[in-house]
Amino acid sequence: MSLAFRDTASVLVALALVSVCVGAESKGPFLVPRDTVVQRVKTIGVMPLNVAEVVPDPEDVAARYEAQVVTSLQAAGFSVVPPSAMREIRERLKNTIGGLYDPMTGKPIKDKVKAYKDFADSEYRSKHPVDATLYMAVVTRDAPMRDGSASWDGITDSAGLSWAGLLGAHLSGTAPALSLGVLLEDAAGDTLYSNGGGLQVISYTTPGMTRFGLMVPRVHHIDAKYIMTDPKRDARALAIALGPLLGTSDPVAKAKIDLPPTAVPPEVAALRVQREELLLKYRKVALAPLEIPELAQHSKAEERYRPAIETKLELLGFTVVGGKTYGELWERERTSAGGFFDPFTGRRDDARLQAARARVFKQMQEQYGISAIVFPSIVIRTAQFSNGLATWDGVNESITHNKGLVRFLDRSSAASGELSALSLEVTIADAAGATLFEESGGIHVMERVSGAALVPVPEPELFSELTTDTRAVDIAFAPLVK
Amino acid sequence: MLCLARISACLVLVAAAEGAAADDVRPTDASRSASTVEHPPSAAEQRQLDYAARDLDARLQRSGSLYAHPDVDAYLQTIADKLLSIDRAYDGAKANVRVVRGTSANAFALPNGAVYVSTGLLERLDNEAQIACVLGHELTHFTHQHTLKQQQSMARTTVWTRGLQLAFLIAIGAKFKDQQARDLGAQVTRFAGDLWLLTAVSGYSRDLEREADREGLRRMVEAGYDANEAVRVFEVLSAAADEQGDHVPTYFSSHPRLQDRLASYRALVSGEYANATGERRFTGAQEYRAHTSGLRLDQVEILIAAHELQSAAKLLDAEMAVSGSARAYFLQGELARHRSSTPESQRLALAAYEHAAASPDVPAEALRQEALLYRARGEHQAAVQAFKRYLMLAPGAIDAPLVHEYLEQQGADAPSSPQGDSQ
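Within each chain, residues carry numbers counting from 1 in the order of the written sequence. The order in which chains are written sets their letters, starting at A; the order in which ligands are written sets their numbers, starting at 1. Only residues with pLDDT of at least 70 are given local features in this predicted model, and only at 80 or more are side-chain atom pairs given and counted; all residues enter the totals for whole chains, interfaces and linings.

1. A look at the overall build of chain B
Point 1. To qualify as a helix, a DSSP run of H or I must reach at least 4 residues; to qualify as a strand, a run of E must reach at least 2; elements of each kind are numbered from the N terminus. Regarding its fold elements, chain B presents 20 helices and 3 strands.
Point 2. Partitioning the intrachain contacts of chain B with sequence separation of at least 6 by distance along the chain shows that 68% fall at a separation of at least 24. Note on contacts: residues are paired as contacts if their backbone-placed C-beta atoms lie within 7 Å.

Written as structure tokens, this is what we have:
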């Protein structure tokens, strides 16, 4: 799946889905009458399916859908240029241009992506002069949810609660969901048809009960194993999205399908070896530089966390050696390796990364006699919030600015859901790269609730309080404290 | 419901306050400040203001929103320095002028002296005196600590600030119509908690705006510029606002307010500054044109990227009436290509690219687009010729491997050296 096309088609389809929903009452999926479409369009070029990142095995999903779409269009009397035609062009061009991602960062190189897209379009148009092009994408949508049912793009999915209503809990809001979107464009680039078929929710909220009998909202995530793996859901989404274009009205579109199972995250212990063993066998450690997502305060965070972590490690009985040598050696290794990201997929090459880490470890071992390396990083987590508080990685934090009675009366306090938050994650690894310890401590929410919307916390507020730094370090190292 | 009720209430309060001020459009005594700073900023407050301004600057640079033409930046900086040096009281104060890409007319100043002006505003102005008027206004926001005053005033009404914040966010969202400006808006609104920054962009209280108008005009006049040009700034932009309907330039916030300020400027220029007009005063039309010569075509490109094709076409027509450069023809091709993929649009685009290609200073991009269009139409011989010339001009282009592969497929040799002639 190529990023450039995934973006373009997904944006096209997502925009089209919004306009279809807005104008569903008046226009329906056709922007010109169906008869005109059938008259003007004899050959359709079907583009490869773009699949949202949350879906596991996108290649399998694409192959399954594309085959069904081609068969359906042919059965309806259209000539079809299959998605493999464009896929072949894209694969060849990607190889010729040497991949689309920066090996140092794993991010797409904008100019390369544009060139690749322009050349692929031009070649496809010269080889396959089709009357219309069908773009397809599996996209994420916010499905309106009311009293345990989410309804969007022609379907209603149960969110799995019935007893809660009896207790007076009426949860309303949105649930993240998946839809299959399709968009048919003529050779001049004008949209002829666009439609969406709902697939499934990927998480939803139900009321839960605390041990003190208080009602709290609970977010349930559908197990990744059950995301887009049900053929009945495939058939229903396809029937809804393409039915009007094909001139079919399939009863499967109305079929009600049970909600797939939710995932229960596995419990992973912070300590992978005995605490005493860790403190005895791995006393001499090097501290790697703080890894941090793209935030403006990188140097500030590094300046604040490094001494705090060093102090904590020493209090726990470790000896931190090498100062910033590990960081310098690592940077040299990374540069000489030309980065660790695959230029063709943008994914990190963990085997090469591990080999490089082992080389640097060896140098540090020879120079300073280290037995382990401590890797601290600032990571973005998903925190659940309700009753005005967000909870994640051992921390509860207010999600509004209001206090006292004003906070109580604020509608924000009644809202619940998920937001982004920052945590300090600490990993200790041995010479072979095996994890000996891993734990996180919450730092700060990255968003707050204002009215019915999530508003980003201003960056100057992040890492602005020493107490939150200290708290995060304390929580992250807590399992090592006797 | 409670939250919505709060927002409505505070909007009514703001509207009432503004309405009261709008009744009085007479220029006020120049020596009287619109408001005073209640207390000097604390060290922490100052640090936060400085940090946020530097951070916004860094974000804009990272996002690619800055126009980044050192010559234009330096020219505007010279004007700003001249305007700042008028007052001894602000000796040592340093402003940094930057230009941001945007289709609408925008300008704002941050409390650390960073002043941002949009290409959409610069393109609409005619001379140096006019940009001096805009800069004089923005510099007054900086030198008179308007953000601090606004912040302190807001701090008194903390109960309402959340509602106000939302109202500003909505207002900014509504005003930033084009993509570049939306990006800018997104950068700004990431500071959602910093109301002062939102007001710096969306406008201060009427009293503070009036103080900035008055002091800005005084600076402009004392620097030797023709005061009449200040009125023309508002006339030009008022006409642009009329043309664009609801697409009112953000700098002037709202139509009644624009008319109000125009009346205020006219009163000042015909009264207090009646002697600061006419031929003996400096307008700097030639200087402005010389320093912003490439801006109009850059703006066409910005408008095309924002898919504001009608505005782009109008501006391009105006430019082509004076000079039909190779770049202008290239942009004419781009305009046709972005309008539609119909055979007629393709024909128009190709004609424009070919016109550009006939010029010795053809942009490489014109040859590339020409080649891609020919190729899509199956006219491979023409595509090969255009690609060969493209490689001559841009041998190290990022897509050079793709061009080489295509030439190979067509059995054509790649050009041997950038200096040679492939035709």
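2. Here's the deal with the overall build of chain A
Point 1. Looking only at helices and strands, chain A has 13 helices and 19 strands in total.
Point 2. Neighbour density around each residue's C-beta defines its exposure: 20 or more other C-beta atoms within 10 Å make it buried, 12 or fewer make it exposed, and counts between make it partly exposed, where C-beta atoms are placed from the backbone. The proportion of buried residues among the 482 residues of chain A is 37%.
Point 3. Within chain A, residue pairs in contact and separated by at least 24 positions form 71% of the contacts whose partners lie at least 6 positions apart.

3. Looking at the pairing of strand β14 (residues 389-392) of chain A
Residue and element names in this part refer to chain A.
Point 1. Here β14 shows a clear split, with A390 and W392 buried on one side and none of L389 and T391 buried on the other.
Point 2. Bridge count between strand β13 (residues 372-386) and β14: 3 bridges; the pairing is antiparallel. Across the sheet, residue Q384 finds its bridge partner in β14, namely T391.
Point 3. With antiparallel pairing between neighbouring strands as the criterion, β13 and β14 make up a hairpin whose turn holds 2 residues, including N387 at a positive phi of roughly 50°.
Point 4. The sheet contact formed by β14 and strand β15 (residues 395-398) spans 4 bridges and is antiparallel. Each bridged residue has a counterpart across the sheet, and for T391 the counterpart in β15 is N396. The pairing criterion for strands is at least two bridges between them, as found by DSSP.

4. With respect to unusual backbone geometry
Residues and elements named next belong to chain A.
Point 1. Within the chain, D57 stands out as a residue other than glycine whose phi angle is a positive 50°.
Point 2. Take D57: it is sitting in the loop between β2 (50-51) and α3 (58-75).
Point 3. Judged by the 14 C-beta atoms lying within 10 Å of it, D57 falls in the partly exposed class.
Point 4. Unlike most non-glycine residues, D393 shows phi in positive territory, near 40°.
Point 5. Looking at the secondary structure, you find D393 in the loop between β14 and β15.
Point 6. The exposure class of D393 is buried, given the 20 C-beta atoms found within 10 Å.

5. Focus on the domain arrangement of chain A
Residues and elements named next belong to chain A.
Point 1. In this entry, domain limits derive from an automatic or database-based domain assignment. As far as domains go, chain A holds domain 1 (3-254) and domain 2 (275-321 + 370-480).
Point 2. Across the contact, 5 residues belong to domain 1 and 5 residues belong to domain 2.
Point 3. By residue number, the principal contributor to the side of domain 1 that touches domain 2 is strand β10 (residues 215-221), which donates 3 residues.
Point 4. For this classification, the nonpolar set comprises Ala, Val, Leu, Ile, Met, Phe, Trp, Tyr, Cys and Pro, the charged set comprises Asp, Glu, Lys and Arg, and every other residue, Gly included, is treated as polar. Among the residues forming the side of domain 1 that touches domain 2, the class breakdown is 3 nonpolar, 2 polar and no charged.

6. A short note on the domain arrangement of chain B
When the parts of a complex come together, some accessible area is lost, and that lost area is often used as the size of the interface.
Residue and element names in this part refer to chain B.
Point 1. What the domain assignment lists for chain B is domain 1 (2-276) and domain 2 (294-409).
Point 2. Counting from both sides, the interface comprises 9 residues of domain 1 and, opposite them, 10 residues of domain 2.
Point 3. When contributions to the side of domain 1 that touches domain 2 are tallied by element, the ones reaching two or more residues are α4 (119-124) and α8 (179-189).
Point 4. Sort the elements by how many residues they give to the side of domain 1 that touches domain 2 and α4 lands first, with 4 residues.
Point 5. Here the side of domain 1 that touches domain 2 is built from residues that sort into 1 nonpolar, 5 polar and 3 charged.

7. Re the confidence of the model for chain A
All names here are of chain A.
Point 1. pLDDT expresses, on a scale from 0 to 100, how confident the predictor is about each individual residue. When pLDDT is averaged along chain A, the result is 85, and 83% of the positions lie at 70 or above.
Point 2. The model gives residues 1-6 a pLDDT under 50, and that stretch makes 19 contacts with residues more than four places away or in other chains.
Point 3. Throughout residues 19-26 the model reports pLDDT below 50, and contacts reaching past four residues in sequence, or to other chains, amount to 4 contacts.

8. A look at the nonpolar core
Point 1. We define a nonpolar core as a collection of buried residues of the types Ala, Val, Leu, Ile, Met, Phe, Trp, Tyr and Cys that are connected via C-beta atoms lying within 7 Å of each other. Judged by nonpolar contacts, the single largest core of 102 residues is most densely connected at L134, M136 and V138 of chain A together with F387 of chain B.
Point 2. Broken down by element, this core gets its largest block of residues, 9 residues, from strand β4 (residues 132-146) of chain A.
Point 3. With sequence-adjacent residues up to four places away left out, M136 of chain A is seen in contact with M47, L49, Y65, V69, L180 and V182 of chain A.

9. Overview of helix α19 (residues 380-393) of chain B
All names here are of chain B.
Point 1. Helices are assigned an expected span. That span is 1.5 Å times one less than the residue count. Under the 1.5 Å per step criterion, the end-to-end length of α19 is 20 Å for 14 residues, consistent within 8% with the ideal 20 Å.
Point 2. Among all positions of α19, only A383, V384, A386, F387, K388, R389, Y390, L391 and M392 are buried.
Point 3. Where α19 is buried, its residues meet α18 (364-376) and α20 (400-409).

10. So, the packing of helix α4 (residues 83-97) of chain A against α20 of chain B
Point 1. The convention used is that axes are lines fitted to C-alpha atoms, helices contributing only their stretch in contact, and that angles between N-to-C directions extend from 0 to 180 degrees. Orientation of α4 of chain A relative to α20 of chain B, taken along the N-to-C sense of each, is 120°, at an axis distance of 8 Å. Overall, the two elements α4 of chain A and α20 of chain B adopt an arrangement that is oblique. For α4 of chain A against α20 of chain B, the interelement crossing comes out right-handed. Contacts between α4 of chain A and α20 of chain B involve L93, T96 and I97 of chain A from the first element and P401, L402 and E405 of chain B from the second.
Point 2. Split by residue class, the contact of α4 of chain A with α20 of chain B holds 4 nonpolar, 1 polar and 1 charged. An angle below 35 degrees is treated as roughly parallel, one above 145 as roughly antiparallel, one from 65 to 115 as roughly perpendicular, and anything else as oblique. Note: crossing handedness is left-handed where the near helix turns anticlockwise from the far helix by less than a right angle, and right-handed where it turns clockwise.

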